[in-house]
Amino acid sequence: MTTFQLEKHVNYIKSLDKKTDFDSVVMEHLRMSGAYWGLTALDLMHSLNDMNGEEIAAWILKCQHDCGGFGGNIGHDPHILYTLSAVQILALFNKLHILDADKIARYISGLQREDGSFAGDEWGEIDTRFTYTAVLCLSLLKRLDSINVEKAADFIVRCRNFDGGFGCTPGAESHAGQIFCCVAALAILGALHHVDRDLLGWWLCERQVKAGGLNGRPEKLPDVCYSWWVLSSLVIIDRAHWINKEKLRDFILNCQDQERGGISDAPDDAVDVFHTFFGVGGLSLLEYPGLKSIDPAYALPVDVVDRVFYGQKN
Amino acid sequence: MQAGIGTPTRASTSSLLATIVSQDDSVFSHLAEELTLVADYKAETERLIVRMTMDNNWVPFNERPEWDNIEPMPQDDGPNPVVPISYTKQFREVMDYFRAILAKDERSLRALELTAEVISLNSANYTVWHFRRLVLEALDYDLEEESIFMESIAEMNYKNYQFWQHRRWVAEKRGPVAVPDEMKYTEVVLNDDSKNYHAWSHRQWVLLTLGGWEGELEFCTKLLSQDIYNNSAWNQRYFVIMKDPSRGGLQAMLESEVQFTLLAIHQAPANESPWRYLRGLFKDDKLSLIRRMDVITVCLEQISDDESSVHALNLLLDLVSIGYEPSEADSGTLNEFVGIWSSPTDLAGRLCARLENLDAIRSRYWAWRRTMLPIATRA
């Protein structure tokens, strides 16, 4: 059986440091999320100590705007997605105290609309992804009281479909990525009773294809990132045992670059940090030996979440 | 487990700058399918840069007189970047001028033209789109012109959040007059990629905000005739049935929708979408399903035709679980299939056992279904 190439993946993520190619330039605007993916994967692999938290934290603060939100890089506009990534990274490094939580909470609560939904930024794109982002961010900052949580949950419920899944807005097709956002947000809000666990669990386990991987919608190809979105949702609603975990594990392991490290979307494709994170996260949910446990709703290592809420030292 | 790195290397602030390969700019986006397009996107952008390099007409900004008074501003990569990024020269220059204009907050025609150049180089950069909207507003720019610009860059942006958000912003400003353009445009995209999540979402937004319901059900039918497995089109169909104000809601549409769905099942019994759609039609009135002889007949026909029809067996199991008791004739078919059963609970248990075998990857699910038995006898 293929084994997990921990050391190679760690080296792969660190090597991204040295990359100077075209891709990295085009992607400068979302560096914050890239950093979150890479650093969380490193932490799950017990290798976060190799990184310089002080320098990373200083850079993160430079990405913050007067409004409280963070951009994807220095000089880029604030957006709720990068604000969450910034908070998550600082949680990894046990540095949430350097943030002005009230200021960030004001930014996020300002993005909530009358119907309970959240916009991603001042331009007003509405999506249940942003509800998750807002709820998670405020929860980590212990400022959930700054928004209307009942209305936030109500909006998610309006996005629930006849198949038990959730979409980006009311009426939009169920999609595993959106389902993760909605289910995780409801879990954090203590509102999971709105989920029909058996109906949704069946839809989610139908996402497993014969090859063992998971897809995100019917008749789509399996992709490693759904190892995270589908599986974390199943874990949250306590239905993960309905899929074949061994086959899923093997699918993820087969997407590794055995020589240079990193994980790709599907076997034999090119690796990237995004799929590396979701592959490692999926294996963590499958309790693969040698990895830290990841929290299925917070998308952070369990010990990090515990430290935020209970002050425990790992 | 330790990673076993020999000497711990401290990453600099600019580490992980390069950690992104995704065209998309969100942590929780629909990246699975989008990422498959990244390669195309990058190739397209690289070609564009090559074209710019080769193109004798492309004039570097430092040679354009109208840009004389602007001092380009390089990206601040934070303190001590380990490795300075080797930007393509043209790309860097465009970005440096953009940063300068942004810093000055100059909302001028030349700024608008500059944003077009940046977008054509890197359309996922959300800041440039934001700034473009500010400029458009400041100039009170003709939005029909803007639509034309959007068309010109559309092809490489089918899965770009920024592109669709901009499109929505323009359409909202234009109002109902934009409806035909938006419907036509999304149709073009869906012809190319029939499950494009952005296009469907945009279409729903147009319908709800600006109207254009006429013909939408027929549009769904057309797409389903092209690909009966298209779950996005099934979802849109449900959306139309439930929300089109002229159609009278689910009750008015129920019969024709059941017939449409049963035909689709006949056509492709292994397609999960119509089976789910059928359940969706009876979502709030499940019990009436056990009185639908047409539905039951289709299930029995399917298992007679193909003993491994998981979806038909599953629906039968659901029906038995909520009180369906087979008629004598139906019992004949079922007996052949699962043997002679003694009670509805026994029948359901036999169906579960069959499903556990047939759908082995989900055997734990079907085993769980079995634990939900016995079925309460109807009062």
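Since the structure is predicted, the reported quantities are computational estimates derived from the model, not experimental observations.

Conventions and cut-offs
Residues numbered from 1 in each chain as written. Chains lettered and ligands numbered in written order. Predicted model: local features only at pLDDT ≥ 70, side-chain atom pairs only at ≥ 80, totals over all residues. Heavy atoms only, no water. Helix = DSSP H or I, 4+ residues; strand = E, 2+ residues; numbered from the N terminus. Buried < 20%, exposed > 50% of the residue type's maximum accessible area, 1.4 Å probe, protein only. Contact = heavy atoms within 4.5 Å. Rg over C-alpha atoms; globule rule 2.2 N^0.38 Å. Areas by Shrake-Rupley, 256 points an atom, 1.4 Å probe, with all protein chains shown as cover. Lys, Arg positive; Asp, Glu negative; His and termini not counted. Charge placed at Lys NZ, Arg CZ, Asp CG, Glu CD. Polar contact = N/O pair within 3.5 Å; in protein donor to acceptor, adjacent residues only side chain to side chain. pLDDT = per-residue confidence, 0-100. Axes fitted to C-alpha atoms, helices over the stretch in contact; angles between N-to-C directions. Parallel < 35°, antiparallel > 145°, perpendicular 65-115°, else oblique. Left-handed = near helix turned anticlockwise from the far one by under 90°. Nonpolar A, V, L, I, M, F, W, Y, C, P; charged D, E, K, R; others polar. Phe/Tyr/Trp six-rings, centres within 6.5 Å; stacked < 30°, edge-to-face > 60°. Lys NZ or Arg CZ within 6 Å of the ring centre and 35° of its normal. Salt bridge = Lys/Arg side-chain N within 4 Å of Asp/Glu carboxyl O. Expected span 1.5 Å × (residues − 1). Disulfide = S-S within 2.5 Å.

Undergrad: Can you help me understand the overall build of chain B in this one?
TA: Within chain B, the regular secondary structure consists of 17 helices and zero strands. Taken over 379 residues, chain B has a buried fraction of 58%. Taking as baseline every contact in chain B between residues at least 6 positions apart, the subset at least 24 positions apart corresponds to 64%.

Undergrad: What is the right way to look at the overall build of chain A in this model?
TA: Helix and strand content of chain A: 14 helices and two strands. Taking 314 residues into account, the globule formula puts the C-alpha radius of gyration at 20 Å, and chain A, at 19 Å, falls close to it. When the backbone C-alpha atoms are referred to their principal axes, chain A occupies close to 50 × 45 × 40 Å. Contacts spanning at least 24 positions in sequence make up 67% of the contacts within chain A whose residues lie at least 6 apart. In the form shown here, chain A has an accessible surface area of approximately 9,700 Å², with 46% of it arising from carbon and sulfur atoms. Across chain A, the 29 positively charged side chains and the 42 negatively charged ones have centroids separated by 2 Å.

Undergrad: Where do I start with the side chain of Glu-216 of chain B in this structure?
TA: Residues and elements named next belong to chain B. Tracing the backbone through its elements, the reader meets Glu-216 in helix 9 (residues 216-226). Among the residues examined, Glu-216 registers a relative accessible area of 1% and is labelled buried. Polar side-chain contacts of Glu-216 include one of 2.8 Å to the side chain of Gln-236. When neighbours within four sequence positions are excluded, Glu-216 is seen to be in contact with Met-183, Arg-203, Leu-207, Gln-236 and Val-240.

Undergrad: Looking at this model, I keep getting lost on the side chain of Glu-125 of chain A. Mind explaining?
TA: Within the element layout of this structure, Glu-125 of chain A appears in the loop between helix 6 (101-109) and helix 7 (128-140). The buried category is assigned to Glu-125 of chain A, whose relative accessible area is 15%. Not counting chain neighbours up to four residues away, the residues in contact with Glu-125 of chain A comprise Phe-118, Ala-119, Gly-120 and Phe-130 of chain A together with Tyr-161 and Gln-165 of chain B.

Undergrad: Looking at this structure, I do not really get the confidence of the model for chain B. What am I missing?
TA: Should pLDDT be low for a region, the predicted coordinates there are not to be read in detail. All names here are of chain B. On average, chain B scores 83 in pLDDT, and the residues at 70 or more come to 80%. Considering only residues more than four positions removed or in separate chains, one finds that residues 1-43, a stretch of pLDDT under 50, has 154 contacts. With pLDDT under 50 throughout, residues 79-86 is counted as low confidence; its partners more than four residues away or in other chains account for 15 contacts.

Undergrad: For this particular structure, what's the right way to read the packing of helix 12 (residues 245-253) of chain A against helix 13 (residues 273-285) of chain A?
TA: Axis angle and axis distance: for two packed helices, these are the angle between their axes and the distance between the axes, and together they describe the pair. All names here are of chain A. The contact between helix 12 and helix 13 brings their axes to 10 Å, and the two run at 155 degrees. The angle between the axes of helix 12 and helix 13 places the two elements in the roughly antiparallel class. For the crossing formed where helix 12 meets helix 13, the hand is left-handed. Packed against helix 12, whose contacting residues are Arg-249, Ile-252 and Leu-253, the element helix 13 presents Gly-279, Gly-282 and Leu-283 at the interface. Partitioning the contact of helix 12 with helix 13 into residue classes produces three nonpolar, two polar and one charged.

Undergrad: Even after reading the chapter, I still don't get the packing of aromatic side chains, so can you show me in this structure?
TA: One pair of aromatic rings is described through two measures. These are the centre distance and the angle between the planes. Enumeration according to the criterion identifies 33 aromatic pairs over all chains in this entry. On the basis of an interplanar angle of 80 degrees and a centroid distance of 4.8 Å, the ring pair of Trp-37 of chain A and Phe-274 of chain A is categorised as edge-to-face. Taken together, the residues span a long stretch of sequence, with Trp-37 of chain A in helix 3 (residues 31-44) and Phe-274 of chain A in helix 13 at a distance of 237 residues. Their ring planes at 25 degrees and their centres at 5.6 Å tell us that Trp-213 of chain B and Phe-239 of chain B sit as a pair that is stacked. Residue Trp-213 of chain B is found in the loop between helix 8 (197-210) and helix 9, and its partner Phe-239 of chain B is found in helix 10 (residues 231-243); the two are separated by 26 residues along the sequence. Residue classification places Trp-213 of chain B among the buried positions, given a relative accessible area of 10%. The exposure class assigned to Phe-239 of chain B is buried, which follows from its relative accessible area of 3%. Ring pairing ties together the aromatic residues Tyr-36, Trp-37, Tyr-132, Phe-180, Tyr-226, Trp-228, Trp-229, Phe-274, Phe-277 and Phe-278 of chain A, which thus form one cluster. It is Arg-237 of chain B that lies over the ring of Phe-260 of chain B; its NZ or CZ is 3.6 Å from the centre.

Undergrad: What exactly am I supposed to notice about the environment of Gln-236 of chain B here?
TA: Residues and elements named next belong to chain B. Here Gln-236 lies in helix 10. Judged by relative accessible area, Gln-236 falls into the buried class, the value being 1%. Taking the C-alpha atoms as reference points, Gln-236 and Trp-200, separated by 36 residues in sequence, lie 7.7 Å from one another. Those residues in contact with Gln-236 that sit more than four places away from it in its chain are Trp-200, Arg-203, Gln-204, Leu-207, Glu-216 and Cys-220.

Undergrad: How do you make sense of unusual backbone geometry when you look at a structure like this?
TA: Of all residues except glycine, most have a negative phi; of all peptide bonds, most are trans. All names here are of chain A. For Asn-94, which is not glycine, the phi torsion reads 55 degrees and is therefore positive. You can see Asn-94 is positioned in the loop between helix 5 (80-92) and helix 6. Given a relative accessible area of 36%, Asn-94 falls into the partly exposed group. A positive phi angle, near 60 degrees, is found at Lys-142, a position not held by glycine. Locating Lys-142 in the fold gives a position in the loop between helix 7 and helix 8 (149-158). Looking at Lys-142, the relative accessible area reads 48%, which means it is partly exposed.

Undergrad: Would you take a moment to explain the pattern of salt bridges for this structure?
TA: Pairing of side chains with opposite charge becomes possible as their charged atoms draw close. Scanning all chains against the criterion turns up 42 salt bridges over all chains. Measuring nitrogen to oxygen at the nearest pair gives 2.5 Å for the salt bridge that ties Asp-50 of chain A to Lys-14 of chain A. A residue pair is termed long-range when its members are at least 10 positions apart, and Asp-50 of chain A in the loop between helix 3 and helix 4 (53-62) and Lys-14 of chain A in helix 1 (residues 6-15) qualify at 36 residues. Grouping residues by exposure puts Asp-50 of chain A and Lys-14 of chain A together as buried. We note a salt bridge from Asp-102 of chain A to Arg-143 of chain A, for which the minimum N-O separation is 2.6 Å. One end of the pair, Asp-102 of chain A, is in helix 6; the other, Arg-143 of chain A, is in the loop between helix 7 and helix 8, with 41 residues separating them in the sequence. The network of salt bridges with shared partners includes Glu-206 and Arg-207 of chain A together with Glu-272, Arg-276, Asp-359 and Arg-362 of chain B.

Undergrad: What exactly am I supposed to notice about helix 5 of chain A here?
TA: Within an α-helix, residues lying three or four positions from one another point in the same direction, as the helix has 3.6 residues per turn. Residue and element names in this part refer to chain A. With 13 residues, helix 5 should cover 18 Å at 1.5 Å per step; its first-to-last C-alpha distance of 19 Å lies within 8% of that length. Within helix 5, 13 of the 13 residues are buried, which leaves the element mostly enclosed by the surrounding structure. Looking one or two places after helix 5, you find Asn-94, whose phi comes out positive at around 55 degrees.

Undergrad: Just to check I follow, could you spell out the environment of Ser-147 of chain B for this structure?
TA: Residue and element names in this part refer to chain B. With respect to the helices, strands and loops of the structure, Ser-147 is situated in helix 5 (residues 143-152). Taking the relative accessible area as the measure of exposure, Ser-147 reaches 13% and is therefore buried. Taking the C-alpha atoms as reference, Ser-147 lies 59 Å from Gly-349; in sequence the two are 202 residues apart. Beyond its immediate chain neighbours, meaning those up to four positions away, Ser-147 contacts Val-170 and Arg-174.

Undergrad: Mind showing me how you'd approach the packing of helix 8 of chain B against helix 10 of chain B here?
TA: All names here are of chain B. Between helix 8 and helix 10, the shortest axis-to-axis distance is 11 Å and the interhelical angle comes to 10 degrees. Comparing their axes, helix 10 and helix 8 come out roughly parallel. Contacts between helix 8 and helix 10 pair Trp-200, Arg-203, Gln-204, Leu-207 and Leu-208 from the former with Ser-232, Ala-233, Asn-235, Gln-236, Phe-239 and Lys-243 from the latter. Split into classes, the residues belonging to the contact of helix 8 with helix 10 amount to five nonpolar, four polar and two charged.

Undergrad: Please clarify how the state of the cysteines should be interpreted in this entry.
TA: A covalent bond between the sulfur atoms of two cysteines is referred to as a disulfide. Throughout the structure, instances matching the rule amount to zero disulfides over all chains. Considering cysteine sulfurs only, Cys-352 of chain B is the nearest to Cys-205 of chain A, which forms no disulfide, with 13 Å between them. Cys-299 of chain B forms no disulfide, and the closest cysteine sulfur to it belongs to Cys-352 of chain B, at a distance of 15 Å.

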